[in-house]
Amino acid sequence: MELRHLRYFLAVAEEGHFGRAAERLNIVQPALSMQIKALESELGGALFIRTSRRVELTEAGRLMLMEARRTLEQAEHTRDAVERALRGETGRVRVGFAGNAIFSGKMTTDLREFRHAYPNVELLIEETAPQQQIEAIQTGQLDIGYAPDSSKTSEPGILAQQIGRWEFLVALPVDHPLAANESIASGMLAGEALILYEAHDAHERLFLGLQQMLGEQLHIAQRSSSTLSVLAIAAAGLGIALIPEPLQLVQIPGLVYRRLEDIALSANLMLISRGQESSEAVKAFRRHVTRLPRQTDGTPFY
């Protein structure tokens, strides 16, 4: 018994006539009659009482009608569910994030847009340190990561796509002498107590750039792997913090932000995932995000 046999049976049962059923199925009537007879032979009994004017169901035929409808409905549901999964419309995407992904609004915009386009995909969000995201994606604990670029993002099997880039700012106490300037040149940092965010090697490159420009006058007062700690230390008057631009959205009493001039390094946001991905939902998320190249304020990413 195949699904087509159930469809043939259902057409005859609903039409009550072989001719009309054959027309509905777009096959010739002799072929339909032969298929129904083969089905009855396989089951071991009659499903229809045939008269000169119409066809009626036997008791077994009425049971067959109920089961055929149920089976065909389930088959259609199965096909629909699998097709949706293959289109990435169902499934689960586990997302890890750090730092700029939240403050820039990029990740939250991506999630809202994806939820609207794929409402049946489950989204799981977890704050994860940048370096740990790579390992979690490699081991299958995460599917997508939002993190700054680093040496880890170029590891084999990892696909890293840049989705955001920002300049560095200076965060300093409102009563600091440099706060009177609208922007601060790198040379003005000579001898100042600097606070660096130290979570991955991209910020080590920032340190090397400062060292090249300031030489012996470079003074690193503190380092921290916590964004809020860096800002809190600066607000307490213990130094000047160098931070990516999106962090200026964090308003801390007594802390102001100024543009940093003539430093070529930027803070990048990367979308990290597996190069070889089997989940269609994850592929759909990746495609969707890379088709959304604008921030919430309309400024294009580079």
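On a predicted model such as this, the values are computed, not experimentally measured, just so you know.

A. A look at helix α2 (residues 18-25). Listed as buried for α2 are Phe-18, Ala-21 and Ala-22. Down the axis of α2, the smallest arc covering the buried residues is 100 degrees, so these residues share one side. Of the residues one or two after α2, Asn-26 is the one with positive phi, at around 65 degrees.

B. Up close: unusual backbone geometry. Even without glycine at this site, Asn-26 takes up a positive phi of about 65 degrees. For Asn-26, the position within the fold is in the loop between α2 and α3 (29-43).

C. Layout of the packing of aromatic side chains. Here the structure, examined in full by the defined rule, presents four aromatic pairs. On the numbers, 5.2 Å between centres and 40 degrees between planes, the contact of Phe-9 with Phe-48 is tilted. Here Phe-48 lies in strand β1 (residues 48-50) and Phe-9 lies in helix α1 (residues 3-15), a separation of 39 residues in the sequence. Classification of Phe-9 by relative accessible area gives buried; the value is 0%. Between Phe-18 and Phe-48, the ring centres sit 6.2 Å apart and the planes meet at 70 degrees, which makes this aromatic pair edge-to-face. With Phe-18 in helix α2 and Phe-48 in strand β1, this pair connects stretches of sequence that are 30 residues apart. Of the two residues examined, Phe-18 and Phe-48, each falls in the buried class. An aromatic cluster of three or more residues is present, and its members are Phe-9, Phe-18 and Phe-48.

D. Focus on the sheet that holds strand β13 (residues 267-274). Judged by pairing direction, the sheet is mixed, and its five strands sit side by side in the order β4-β3-β5-β13-β6 without closing on themselves. Looking at strand neighbours, the two that pair on one side only are β4 (121-127) and β6 (158-166), the edges of this open sheet. Pairs of neighbouring strands in the sheet enclose a mean axial angle of 20 degrees, with direction left out of account. One ladder, built from three bridges, connects strand β3 (residues 91-97) with strand β5 (residues 144-147); its direction is parallel.

E. The packing of helix α6 (residues 106-117) against helix α10 (residues 280-290), seen in detail. Packing of α6 against α10 brings their axes to within 10 Å, and their N-to-C directions diverge by 120 degrees. As summarised for this structure, α6 and α10 are arranged oblique, according to the angle between their axes. Judged by the sense of rotation from one axis to the other, the crossing of α6 with α10 is right-handed. Residue-level inspection shows Lys-106, Asp-110, Leu-111, Glu-113, Phe-114 and Ala-117 of α6 in contact with α10, the latter providing Ala-281, Ala-284, Phe-285, His-288 and Val-289. For the contact of α6 with α10, a count of residues per class yields seven nonpolar, one polar and three charged.

F. View of the environment of Tyr-118. Residue position: Tyr-118 is located in the loop between α6 and β4. C-alpha of Tyr-118 to C-alpha of Arg-54: the two residues are 64 residues apart in sequence and 48 Å apart in space. Excluding residues within four positions of it along the chain, Tyr-118 makes contact with Arg-87, Gly-88, Glu-89, Ala-284 and His-288.

G. Structural view of the environment of Ser-229. Locating Ser-229 in the fold gives a position in helix α9 (residues 227-235). On the basis of relative accessible area, Ser-229 is assigned to the partly exposed category, the value being 30%. Note: C-alpha distance between Ser-229 and Leu-214 (15 residues apart in sequence) is 25 Å.

H. Looking closely at the environment of Gly-140. By the secondary structure assignment, Gly-140 is in the loop between α7 (130-138) and β5. In this structure Gly-140 comes out as partly exposed when scored by relative accessible area, which is 26%. Sequence separation between Gly-140 and Gln-217 is 77 residues, and the spatial gap between their C-alpha atoms is 45 Å.

I. Structural view of the pattern of salt bridges. The final tally for this structure, using the stated rule, is 14 salt bridges. The partner of Lys-106 in a salt bridge is Asp-110, and the shortest N-O contact between them spans 3.0 Å. A residue pair is termed a helical-turn pair when its members lie 3 or 4 positions apart in one helix, as Lys-106 and Asp-110 do in helix α6 at four residues. We classify Asp-110 as buried; its relative accessible area is 0%. For Glu-277, the salt bridge identified is with Arg-274, shortest N-O distance 3.0 Å.

What counts, and where the lines are drawn
- Residues numbered from 1 in each chain as written.
- Predicted model: local features only at pLDDT ≥ 70, side-chain atom pairs only at ≥ 80, totals over all residues.
- Heavy atoms only, no water.
- Buried < 20%, exposed > 50% of the residue type's maximum accessible area, 1.4 Å probe, protein only.
- Helix = DSSP H or I, 4+ residues; strand = E, 2+ residues; numbered from the N terminus.
- Arc of directions from axis to C-beta.
- Phe/Tyr/Trp six-rings, centres within 6.5 Å; stacked < 30°, edge-to-face > 60°.
- Pairing = 2+ DSSP bridges.
- Axes fitted to C-alpha atoms, helices over the stretch in contact; angles between N-to-C directions.
- Parallel < 35°, antiparallel > 145°, perpendicular 65-115°, else oblique.
- Left-handed = near helix turned anticlockwise from the far one by under 90°.
- Contact = heavy atoms within 4.5 Å.
- Nonpolar A, V, L, I, M, F, W, Y, C, P; charged D, E, K, R; others polar.
- Salt bridge = Lys/Arg side-chain N within 4 Å of Asp/Glu carboxyl O.

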